[in-house]
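Reading the structure
This is what each chain is made of:
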Amino acid sequence: MNKNKQSTGAKIIGLIKGNPIVLLLVIAAIVVGCLKDNFFSWANFSNLMSNTAIRFLIALGVSGCLITKGTDLSAGRQVGFAAVVAGILCQKGDYSGRLWKFMPEMNIGIVFLIVLVVGLVWGLINGLIVTKLHVPPFIATLGTQTIIYGISLVISDAQPIGGFQKIYTTLINGRIGDTRSFHLPYLLFVAAIFGVLFWFIYNKTRHGKYMYAIGGNEVAAEVSGVNTTFTLIRIYATAGVMYAIAGYLLAAKSGGASASMGQGYELEAIAGCTIGGVSTTGGIGTVPGILIGVLVFELLKIILQFLGVNPYYNYVVQGLVIVLAVSLDIRKYIAKK
Amino acid sequence: MSEYVLEMGGVCKSFPGVKALDHAQLKLRPGKVHALMGENGAGKSTLMKCMFGIFKMDEGEIRMDGKPVTITDPMDALNKGIAMVHQELQPIPARTVGENIFLGRYPMKKALGFIPIVDHKKMYDDTAELLRKVRMTFDPRQKVGELSVSQMQSVEIAKAVSANCRVLILDEPTSSLTSNEVEALFRIIDDLKAENVAVVYISHKMDEILRIADDVTIMRDGKYIGTWLASELTTDKIITQMVGRELTNLYPLRTNVPGEVVFEVKDFTSINPRSFRHVNFQLRKGEILGVGGLVGAQRTELMEGLFGIRSHTTGEILYQGKPLPITRPKDAIDHGIAMLTEDRRGSGIMGVLSVADNISISSLNKYLDHGFAINGKKVEQLVQDNVQKMNIKTPSSKTQIKSLSGGNQQKVLVGRWLANDPDVLILDEPTRGIDVGAKYEIYCIIADLAKEGKSIIMISSEMSELIGMSDRIMVMCDGRVTGFIDGNEATQENIMALATQFE
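Residues numbered from 1 in each chain as written. Chains lettered and ligands numbered in written order. Predicted model: local features only at pLDDT ≥ 70, side-chain atom pairs only at ≥ 80, totals over all residues. Heavy atoms only, no water.

A few words on the overall build of chain B. In terms of helices and strands, chain B carries 17 helices and 24 strands. Here the C-alpha radius of gyration of chain B, 24 Å, is about what a compact globule of 503 residues would show, namely 23 Å. Overall, chain B is about 70 × 50 × 45 Å in size when its C-alpha atoms are taken along their principal axes. Of the roughly 21,900 Å² of accessible surface on chain B, a fraction of 49% belongs to carbon and sulfur atoms. Side-chain charges in chain B split into 60 positive and 65 negative, and the spacing between the mean points of these groups amounts to 4 Å. (Helix = DSSP H or I, 4+ residues; strand = E, 2+ residues; numbered from the N terminus. Rg over C-alpha atoms; globule rule 2.2 N^0.38 Å. Areas by Shrake-Rupley, 256 points an atom, 1.4 Å probe, with all protein chains shown as cover. Lys, Arg positive; Asp, Glu negative; His and termini not counted. Charge placed at Lys NZ, Arg CZ, Asp CG, Glu CD.)

As structure tokens, this is what we get:
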């Protein structure tokens, strides 16, 4: 067993070899930090953390779909839907632009629970379409994505929703510590709790093992007695709940919601997972990897923003990073042949 | 001019943690069949993949007609006249025979004088010609997915022949063929010999080797052991060289005593009219029931039906007199039935997952703390118990199962099922593609399980294995059970008589 023990130096070199893109971005961050004054500020750090936290929740949701060789294109629209529902229900009772005037002011805790149920329902629908109607996940969620967006537009009347209860926005945007010095946003803790929870589910529970087994070989898993149908439904339902939480948090963080909120987040989440080593051929992916993938992507955005790059070029760079990161990751497997 | 069409010498190849080839060599004479033999994991397939350009050699050289050559990839190998028919066939089922054969080198013509398009007429005419060469009569425009395994193999051979090959590698070509189909294959090989093609023939079947081979090279643990003329060899001598030890018992002495009937199948019929029908049989406690028949006798389909992988219309399964409602594998598993499937890669291993994950997947309920958290130590203990009991060779429990040899993968899968402590164990070709040493170990495990009182159903296409291991043999033909033979009275002849009882 001594063979497995490497020196710390060798380990670091191995880590760098394994994740060149991560190293590159960390170096870029340091360089930008030296050039621009505000880069290494608490405000910027806090901003990065909050952005990463929400994206991380979405990525955790979609990761189960990816590990089982599926995908979930409805993630972004589900986030938007949850944000719209949360937004409507969390409007102040005396706000003149209230969408549903007949309704009394709601407790934001109850709203949270309602949003969770809504997410669960969307996830169940996806799971049932994939497992019972045998529609490939790519197509199934392409369909539900459009349906969900349509319903978001209907219930929000295609209007932006504002006038939230103060407690909703202040709680979600709250932090430990003083804004001007060291402080940690509450969102960071939310992300940490779910990170640990998902790590536990993926590594220590039957559900997690079944998920990897389905990704590794679905037929073999079925023959081994794994209830693949139920496991997949559970994965898509869990994903729906995660998007709902992200949507609830995102509406409060932005101080407003609209049906277009969350558009394209599914692709960012899938990109983050893939950069973090989740294999689209199934069976491979870890929670720390997903965190790194999402973090790297958010770090990249902030670096570009600080460098004053034309925002249109941001997309070009982000796309290049996705292709580069995945091609480097895949080299690891090709080289072993 | 060299005596040999192709020589490989001093070939070394390492994979992470394994030295797969250690100065291996092979010299092929034109117009001769060269058998390459060795236990699984001896490096036969690796050596062939080096020759065919799939793997790069770490060391060593390849000479053709005495001149050194380098082979960069399979396309390069084909251009140099080397063709390979893989152990697991990889056709494109949705495309036609012709398209499969000419894949990657379609005959072209110019439309309107300048637009290059595929010349379908030439392709199908050439295909028909090639099929005649390999003595096959089906339509070149038929979809490959509609062919039987042996027909698909003929297509692969036709594809190899079409490349005007000088060296043809056949990796376990007969593992899924009936004896008639094997004869047809041998006729094709004879034709190829007459055309001066050097054939590399990898197989575990001694009688075939002794019949068809001219030269025999034996490998062991990635090393070259020696090359002999086939006429100088006997089965015993080959086995001795392959394993490096004398094999005294081919089958272990069984001391199991079949008891009362525990498992009964009545009038079991598939939803598919061409599959199994009206099957009745009983299984006793501690009994090994062999299931014999030709390929296509629907033995696998029957067992998959009993296990809930396939659907049935009529019939029932009784366990200790009580009917078992089985509609999916989980139902069968919950009732103490286990099934080792025939297709190890397709429905057995989960390749990218670890040995530990693979072995524990169907018994995870046993390793839980507080009812939900998997205890890693208990899983590790399961792995270690199996590694010791079955002599599984793996660098660690975290190793991806796909990097183990076939025999070791199979042992892991046996371990997966035993972890559930089943009462009835269905084994579908449990020793297919497994080396002689590991085979014997698996026979011992089967014999021990029967002695412990477990009831075993074993499908096997190897006659000697059926006769050597079974208390009773059930023979099937074309979806029907055609008879039962007591293990002591079974001979190849009386099994074959039942297996060919077509209606």
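Counting its regular elements, chain A contains 14 helices and 2 strands. Its C-alpha atoms give chain A a radius of gyration of 21 Å, within 12% of the compact-globule value 20 Å for 337 residues. Principal-axis analysis of the C-alpha atoms gives chain A an extent of 70 × 55 × 35 Å. Out of the 337 residues in chain A, the part that is buried amounts to 51%. Contacts spanning at least 24 positions in sequence make up 76% of the contacts within chain A whose residues lie at least 6 apart. Within the structure as shown, chain A displays about 15,900 Å² of accessible surface, and the carbon and sulfur contribution to it stands at 68%. Each charge class in chain A was averaged separately, 25 positive and 12 negative side chains, and the resulting centres sit 11 Å apart. (Buried < 20%, exposed > 50% of the residue type's maximum accessible area, 1.4 Å probe, protein only. Contact = heavy atoms within 4.5 Å.)

Residue and element names in this part refer to chain B. For Ser 455, the position within the fold is in strand S22 (residues 455-459). On the basis of relative accessibility, which here comes to 1%, the residue Ser 455 falls in the buried class. Within the local environment of Ser 455, its side chain forms a polar contact with the backbone oxygen of Arg 284, the two atoms lying 2.9 Å apart. When neighbours within four sequence positions are excluded, Ser 455 is seen to be in contact with Val 262, Leu 283, Arg 284, Lys 285, Gly 286, Glu 287, Asp 423, Val 424 and Leu 425. (Polar contact = N/O pair within 3.5 Å; in protein donor to acceptor, adjacent residues only side chain to side chain.)

This part covers the nonpolar core. Counting residues in hydrophobic clusters, the biggest one holds 147 residues, and the most contacted among them are Tyr168(A), Phe263(B) and Met303(B). With 15 residues, the single largest contributor to this core is helix H11 (residues 228-254) of chain A. Residues Val85(B), Phe102(B), Leu131(B) and Val216(B) belong to the second largest nonpolar core, which totals 49 residues. (Core = buried A, V, L, I, M, F, W, Y, C linked by side-chain atoms within 4.5 Å.)

Attention now moves to the pattern of salt bridges. Residues and elements named next belong to chain B. Evaluation of the coordinates by the stated rule reveals 24 salt bridges over all chains. Linking Lys 378 and Asp 369 is a salt bridge whose minimum nitrogen-to-oxygen distance equals 3.6 Å. The exposure class assigned to Asp 369 is partly exposed, which follows from its relative accessible area of 26%. The salt bridge involving Lys 454 is made with Asp 421; its shortest N-O contact spans 2.8 Å. (Salt bridge = Lys/Arg side-chain N within 4 Å of Asp/Glu carboxyl O.)

This paragraph deals with the interface of chain B and chain A. Taken together, the 35 residues of chain B in the interface contact 25 residues of chain A. Interface area, chain B with chain A, both sides summed: about 2,200 Å², of which 63% is carbon and sulfur. Ranking the residues of chain B by area buried against chain A places Met350(B), Ile361(B) and Ile374(B) at the top, with a combined share of 20%. At the surface where chain B touches chain A, the tally comes to 1 salt bridge. With a closest N to O distance of 2.8 Å, Asp357(B) and Lys209(A) form a salt bridge. Linking chain B with chain A are 8 residue pairs in polar contact (both at pLDDT 80 or more), by the criterion used here. Its residues assigned to classes, the side of chain B that touches chain A shows 19 nonpolar, 10 polar and 6 charged. (Buried area = accessible area lost by both parts, 1.4 Å probe. Nonpolar A, V, L, I, M, F, W, Y, C, P; charged D, E, K, R; others polar.)

So, on to helix H8 (residues 186-204) of chain A. Residues and elements named next belong to chain A. For H8, built from 19 residues, the straight-helix expectation of 27 Å at 1.5 Å per residue is met to within 8% by its first-to-last C-alpha distance of 27 Å. Listed in full, the buried residues belonging to H8 are Leu 187, Ala 191, Phe 194, Gly 195, Phe 198 and Tyr 202. Projected down its long axis, H8 shows its buried positions confined to an angular sector of 115 degrees, all on one face. Residues of H8 that are exposed and point over 90 degrees away from its buried face: Ile 193 and Val 196. As for H8, its buried residues are in contact with helix H3 (42-67), helix H7 (166-172), strand S2 (183-185), helix H9 (206-216), H11 and helix H13 (287-306). (Expected span 1.5 Å × (residues − 1). Arc of directions from axis to C-beta.)

The next point concerns the sheet that holds strand S14 (residues 279-284) of chain B. Residue and element names in this part refer to chain B. Spatially, 4 strands are ordered S14-S13-S16-S17 in an open sheet, and the strand pairing comes out antiparallel. Each of the sheet's edge strands pairs with one partner strand only, and the pair in question is S14 and strand S17 (322-323). Pairing geometry for strand S16 (residues 316-319) and S17, over 2 bridges, is antiparallel. Among the inter-strand pairings, Leu 318 is bridged to a residue of S17, identified as Pro 323. (Pairing = 2+ DSSP bridges.)

For the rest of this paragraph, the subject is the confidence of the model for chain A. Of all residues in chain A, 93% have pLDDT values of 70 or greater, and the mean over the chain is 89. Low pLDDT, under 50, characterises residues 1-5 of chain A; the predicted model gives this stretch 2 contacts beyond four residues in sequence or across chains. (pLDDT = per-residue confidence, 0-100.)

Moving on, we come to the sheet that holds strand S21 (residues 424-428) of chain B. All names here are of chain B. Spatial strand order, S18-S21-S22-S15-S23-S24: 6 strands in an open sheet with mixed pairing. The open sheet has two free edges, formed respectively by strand S18 (337-340) and strand S24 (480-486), since each of these has just one partner strand. Pairs of neighbouring strands in the sheet enclose a mean axial angle of 20 degrees, with direction left out of account. When S18 meets S21, the two strands line up parallel, connected through 4 bridges. When the bridges of S21 are listed, Ala 338 appears paired with Leu 425. Contacts from helix H15 (residues 436-451) reach strand S15 (288-293), S21 and S22, with the element oriented near 150 degrees to S22. (Axes fitted to C-alpha atoms, helices over the stretch in contact; angles between N-to-C directions.)

Attention now goes to the packing of aromatic side chains. Residues and elements named next belong to chain A. Tallied over the full model, the rule gives 16 aromatic pairs over all chains. Seen from their ring centres, Trp 42 and Phe 182 are 5.1 Å apart, and the 85 degrees between their planes marks the pair as edge-to-face. Residue Trp 42 is located in helix H3, and its partner Phe 182 is located in the loop between strand S1 (175-177) and S2; the two are separated by 140 residues in the primary sequence. What makes Phe 182 partly exposed here is its relative accessible area of 46%. (Phe/Tyr/Trp six-rings, centres within 6.5 Å; stacked < 30°, edge-to-face > 60°.)

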